[in-house]
Amino acid sequence: MTTAQGIEALSHEHRHFPPPPDFAAKANAQPGIYEEAEADYQAFWASWARKLEWMKPFTKTLEWNEPFAKWFSDGELNACVNALDRHVRGGKGSRIAYYYEGEPGDRWTITYQQLLDDVCRFANGLRKLGVKKGDRVAIYMPMIPELPVAMLACARIGAAHSVIFGGFSPDSIVDRVNDSQCVALITADQGWRRGKKIALKANCDEAMKETPSIKHCIVAKRVGDPVEMKEGRDVWWHDAIGGQSAQCEPERMNAEDLLFLLYTSGTTAKPKGIKHTTGGYLTGVTSTHKLVFDLKDDDVYWCAADIGWVTGHSYIVYGPLCNGATSVIYEGTPDFPDKDRLWEIVERYKVNILYTAPTAIRTFMKWGVEYPQKHDLSSLRLLGSVGEPINPEAWMWYRDHIGGGKCPVVDTWWQTETGGIMISPLPGLTTTLPGSATHPLPGIGVDIVNDKNESVPLGGGGYIVLTRPWPSMLRGIWGDDERYKETYWSKFPHKYLAGDGCRRDHEGNYWFMGRIDDVMNVSGHRISTTEIESALVEHPRVAEAAVVGKVDDVTGQAIVAFVSLRGSDAGSHDLGDELRKHVGEKLGKFTTPKYLTFTQELPKTRSGKIMRRLLRDIAEGRMLGDTTTLADSSVVAELQERAKTEVHTEE
Ligand code: WT7
C-alpha cells in the first residue's frame, strides 16, 4: 500500500477497551511510568539495565555518535549468565524454563538447571572444536530445544550467532554464512513439518560446497533418518557434548560486543546482517517483555513464533529467560494433527499469555470457532499480536474467541532493527482499540513526518520515524556502515526511518499502514521484491521480472510476479509453475509467488524505470492511477487483460 492510499483509508474505529480494573491494579507497569521515562529517558533505561547482572557495572549510559549508539559501554556482562546462571544461583534451578512440545507429540520439560547444564556442555563442545570469542556461528535448525541451547552456548563463549530460519534454501544459507564468515554451522538431521520431514542437513551439505569459512557442522539428531556425515567436518551434537563438563566459564563480554546477527530483507537483493550487541539488547527485551506482557512469577507464557526470526530471539529466548519465565516452545504447524493444536497446547500447559501473528489469527478465523471452542482457554489473561498490521475484525475475533472477551490485547509494533517492542499498549494502563498499536512505550521517541520532514499533526499520516536512540537498537549492518546510514538515516536528518507508513488519530493512537518501500510482508515474513525479481531473472527463459505485493485475506500480502520472457516465448501454465517453484528453491519455499503473470513488456517510464505503482494497481484489480509518465500505454492495457487469466496456484 502506498502511504497516500493508506492515509486516505482513515480508520473509523470507535470501540475502546480500557484495562480491566483488577488487571490494572496488579499490573507491572503503574501510572507514572511514561512521565518517569520522559523526564530522563537515559536514566530510565539505566535503571532497567541495572536489573541485569553485570560482571563489571557500567558508569556510562549513552554515547551517541549519530547514527552509531553505544549503551552502557564500560560495563561487562554475559547474556547466557543473565538468562540462566543468575536464576539457578538464586534458587530457581528447578523452575521450568520451557515446556517443549514436538510436532509428533513428544513432550518434555526443561528446567533452568537442565538448560544451564546442556548449554555448558555444548559450549564446552564448541570451544573444543575451536570456536572462540569474536567468531560468528550460523544456526539452521528446527524448533527443537537444541536451538536455544546453541544460541546460549554461543553467547556464553562470546561467539555471535547468526540464526538462519529453517525455511530458507541452500543459496540463502550460502549468502548469509559467507557475508559474515561463520566458522561453524549448527543444524539437525531433519525437521518435522506437518508430518513431513524437512531436509536440513542435506540443505547444509548443498550450502557447504560454497562456504569455505565453515570448519565444522554440528548436527543434532531430531528425526533419525541417516544423513551424510563428512569425516573431519561434521560432528553429531551428542558426540560434541559427549564427556563434556556441565561447568563452563562464561566470557566477560563488553556491553557493546556483538551478541548476534540476524539477516533481514531490504530493498536490494542482498539481505542485511542486522547487528545486535549485548547490554542494550538485553535491557530492551527484558524490560519490554516484563512490561508489555505483564509477566508474573507463576505465568506460563507462549510466543508461538519461530526462533528463526527476531520475535523468537527476543521473546522466546532472551527476554523470557532473562526474566526467569516459564515458556512453551512448539515445534510444528497449528494444523497438525488437527486445527485445534494450539488450543490443545494452551489447555494442556494452562498458558496465561499468548503472543502470535495476525496471519495466524486470520487463519484460525477461517478454520472456525469450533476449534478453540473444543478447549478450555480460561487460563489466558493476556493476548499479543505482532508482525503486521492487525485488522480490527481479527483483533476482535482474537479478543472474543481466544481471550473470552476478558483479556487485554496488545498489538506490538517493532522490527528486527529495533530489537524489541517500540509501540504497544501497556495492558494495565492503556485503553486499546481494535487495530491500533496505540502509542510508544515509555522512553521511546516517535514521530510521524511528511515528505518535507515536518511533523504531521494528530489526525494525519506519513512516515514513522524514531527520534532518539534506544538500548536495543541495531548497531548497524554487518560490514556495511554506508548502507546502514543510507537505509535508515539519510531520508530525514537525525531521524531513524523505519520504512512503515502510519497514521495518528486525534487521540494520538498509532495506526500502521504497511511498508512504504519495496518490502512485502507475507504472513509476517519480510520479503524483498528485488530478491524475488533477481531469483526470477536467473531462470534462462526469463528476460525481466517485477514483483509487487497484493492484499491477501490471510497472509496480509501475497506475492505477485510479472514476468516477461526472452524472444517470442509467450509462457505457459507449466512454465508459470516452474518459475514459482524456482523462486521457492532459490530463496525458500515461503517466498514462492502466489500469482504469476506473463507479459510481453513491463510498464516503464520513459527513462526505463518499472512503474510498480501501476503493477500494484493491476494486481489489486484497481482503477489505474496516473499513467502519464508511461512510455508505452498499450503495455498496461494488455497486462490488465492478462492479469485476469494469470497463472496462479493456491497452496
Ligand atoms: C516489519 C518488521 C517485529 C517482529 C516481527 C517482524 C511490520 C511488525 C507490526 C505491527 C504493523 C508491523 C512492519 C515492520 N510489523 N509488527 N504490530 N503492526 N506492522 O519483524 O521482519 O523485522 O518486520 O513488520 O512493517 O517494519 P521484521
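Bear in mind the structure is a predicted one, so any value in this text is a computation, not a measurement.

**Q** I tried to follow the overall build of the protein chain on my own but got confused; where do I start?
**A** Scanning the protein chain from N- to C-terminus turns up 21 helices and 30 strands. Relative to the compact-globule value of 26 Å for 651 residues, the protein chain shows a C-alpha radius of gyration of 24 Å, a close match. Expressed along its principal axes, the backbone C-alpha trace of the protein chain runs to roughly 75 × 60 × 55 Å. Residue burial in the protein chain is summarised as follows: out of 651 residues, 61% are buried. A sequence separation of at least 24 residues applies to 72% of the contacts in the protein chain between residues at least 6 apart. Distance from the positive charge centre (75 side chains) to the negative charge centre (87 side chains) of the protein chain: 3 Å.

**Q** Would you take a moment to explain the domain arrangement of the protein chain for this structure?
**A** A common measure of how large an interface is: the accessible area buried when the components associate. Splitting the protein chain by domain gives domain 1 (6-496) and domain 2 (519-648). Between the C-alpha centres of domain 1 and domain 2 there is a distance of 32 Å. Taken together, the contact between domain 1 and domain 2 spans 24 residues of the former and 22 residues of the latter. Buried area between domain 1 and domain 2, both sides added, is near 1,700 Å², and the carbon and sulfur share of it is 46%. Linking domain 1 with domain 2 are two salt bridges. Inspection of the domain 1/domain 2 interface yields 13 residue pairs in polar contact (both at pLDDT 80 or more). Elements with a minimum of two residues in the side of domain 1 that touches domain 2: α8 (170-180) and α14 (358-367). Among the elements that take part in the side of domain 1 that touches domain 2, α14 stands out by supplying four residues, more than any other. For the side of domain 1 that touches domain 2, the per-class residue count stands at five nonpolar, 13 polar and six charged.

**Q** Looking at this structure, I do not really get α8. What am I missing?
**A** Since the α-helix packs 3.6 residues into each turn, any two residues three or four apart lie on the same face. Those residues of α8 that fall on the buried side of the exposure criterion are Pro-170, Ser-172, Ile-173, Val-174, Arg-176, Val-177 and Ser-180. Looking at the packing, one finds that the buried side of α8 touches β6 (136-140), α9 (200-208), β14 (258-264) and α19 (573-587). In the stretch just after α8, Gln-181 is the one whose phi turns positive, near 55°.

**Q** Help me understand the layout of surface pockets in this model?
**A** One way to see where empty space is left: roll a probe the size of a water molecule over the atoms. Its volume calculated, the second largest pocket comes out at about 330 Å³. In this structure, the second largest pocket is lined by 19 residues; those nearest its centre are Thr-267, Glu-486, Thr-487, Leu-497 and Asp-517. Sorting the residues of the lining of the second largest pocket by element identifies α17 (481-489) and β23 (496-504) as the ones contributing at least two each. The leading source of residues in the lining of the second largest pocket is α17, at four residues. Here the lining of the second largest pocket is built from residues that sort into five nonpolar, six polar and eight charged.

**Q** Could you clarify how one ought to interpret the site of the ligand in this entry?
**A** The local shell around the ligand holds 17 residues, among which Asp-411, Thr-412, Thr-416, Asp-500 and Arg-515 are the closest. Here Arg-515 contributes a side-chain N or O atom positioned 2.8 Å from an oxygen atom of the ligand. Within the complex, 96% of the 550 Å² of free accessible area of the ligand lies under protein. Looking at the shell around the ligand, the elements that each hand over two or more residues are α12 (310-322), β20 (409-412) and β24 (510-515). Its residues placed into classes, the shell around the ligand shows six nonpolar, six polar and five charged.

**Q** Which parts of the structure should I look at to understand the pattern of salt bridges?
**A** If charged atoms from side chains of opposite charge come close, those side chains can pair. Evaluation of the coordinates by the stated rule reveals 44 salt bridges. Measuring nitrogen to oxygen at the nearest pair gives 2.9 Å for the salt bridge that ties Arg-341 to Glu-101. Of this pair, Arg-341 sits in helix α13 (residues 341-349) while Glu-101 sits in strand β4 (residues 96-101), placing them 240 residues apart in sequence. Each member of the pair, Arg-341 as well as Glu-101, is classed as buried.

**Q** Looking at this model, I keep getting lost on the sheet that holds strand β8 (residues 184-188). Mind explaining?
**A** Backbone hydrogen bonds hold the strands of a sheet together, and the pairing may be parallel or antiparallel. One open sheet accounts for seven strands, arranged β12-β11-β8-β6-β7-β14-β15; its pairing is mixed. Because the sheet does not close on itself, it has two edges, and the strands there are β12 (234-236) and β15 (272-277). Pairwise comparison of adjacent strand axes, ignoring direction, gives a mean angle of 25° for this sheet. Bridge count for β14 against β15 is six bridges, and the pairing is antiparallel. Bridge pairing in β15 links Leu-258 to Thr-277.

**Q** Whenever I open this one, the packing of α14 against helix α16 (residues 392-402) confuses me. Can you help?
**A** The description of two packed helices rests on the angle between their axes and on the distance between the axes. Taken N-terminus to C-terminus, the directions of α14 and α16 make an angle of 70°; their axes are 10 Å apart at the nearest point. As the angle between them shows, α14 and α16 are arranged roughly perpendicular. Where α14 abuts α16, its residues Ile-361, Arg-362, Phe-364 and Met-365 lie against Glu-393, Ala-394, Trp-397 and Tyr-398. Classifying every residue of the contact of α14 with α16 gives six nonpolar, no polar and two charged.

**Q** So what exactly am I meant to see when it comes to the packing of helix α18 (residues 529-537) against α19 here?
**A** One way to put it is that α18 packs onto α19 with a least axis distance of 9 Å and a crossing angle of 115°. The chirality of how α18 crosses α19 is right-handed. Judged by residue contacts, Glu-531, Ile-532, Ala-535 and Leu-536 of α18 engage Leu-579, His-582, Val-583, Lys-586 and Leu-587 from α19. When the residues that make up the contact of α18 with α19 are grouped by side-chain class, the tally is six nonpolar, one polar and two charged.

**Q** I keep staring at the side chain of Thr-430 and nothing clicks. Help me out?
**A** Mapped onto the elements, Thr-430 comes out in the loop between β20 and β21 (446-449). Not counting residues within four places of it along the chain, the set of residues in contact with Thr-430 comprises Phe-17, Pro-19, Tyr-34, Pro-425, Thr-438 and His-439.

**Q** Just checking my understanding: could you explain the sheet that holds β23 for this structure?
**A** With respect to topology, four strands assemble into an open sheet ordered β21-β22-β23-β24, the strand pairing being antiparallel. A strand with exactly one partner marks an edge of an open sheet, and here the two such strands are β21 and β24. This sheet shows a mean twist of 45° between the axes of neighbouring strands, independent of strand direction. Examined bridge by bridge, β23 and β24 share four bridges and lie antiparallel to one another. For Cys-502, the partnering residue across the bridge sits in β24 and is Phe-512.

Criteria and cut-off values
- Residues numbered from 1 in each chain as written.
- Predicted model: local features only at pLDDT ≥ 70, side-chain atom pairs only at ≥ 80, totals over all residues.
- Heavy atoms only, no water.
- Helix = DSSP H or I, 4+ residues; strand = E, 2+ residues; numbered from the N terminus.
- Rg over C-alpha atoms; globule rule 2.2 N^0.38 Å.
- Buried < 20%, exposed > 50% of the residue type's maximum accessible area, 1.4 Å probe, protein only.
- Contact = heavy atoms within 4.5 Å.
- Lys, Arg positive; Asp, Glu negative; His and termini not counted.
- Charge placed at Lys NZ, Arg CZ, Asp CG, Glu CD.
- Domains from an automatic or database assignment.
- Buried area = accessible area lost by both parts, 1.4 Å probe.
- Salt bridge = Lys/Arg side-chain N within 4 Å of Asp/Glu carboxyl O.
- Polar contact = N/O pair within 3.5 Å; in protein donor to acceptor, adjacent residues only side chain to side chain.
- Nonpolar A, V, L, I, M, F, W, Y, C, P; charged D, E, K, R; others polar.
- 1 Å grid on protein atoms, 1.4 Å probe; cavity = no way out; pocket = protein on both sides within 12 Å on 5 of 7 lines; lining within 4 Å.
- Points joined across faces, edges and corners; volume = space filled by probe spheres on them.
- Near = heavy atom within 4 Å.
- Areas by Shrake-Rupley, 256 points an atom, 1.4 Å probe, with all protein chains shown as cover.
- Pairing = 2+ DSSP bridges.
- Axes fitted to C-alpha atoms, helices over the stretch in contact; angles between N-to-C directions.
- Parallel < 35°, antiparallel > 145°, perpendicular 65-115°, else oblique.
- Left-handed = near helix turned anticlockwise from the far one by under 90°.

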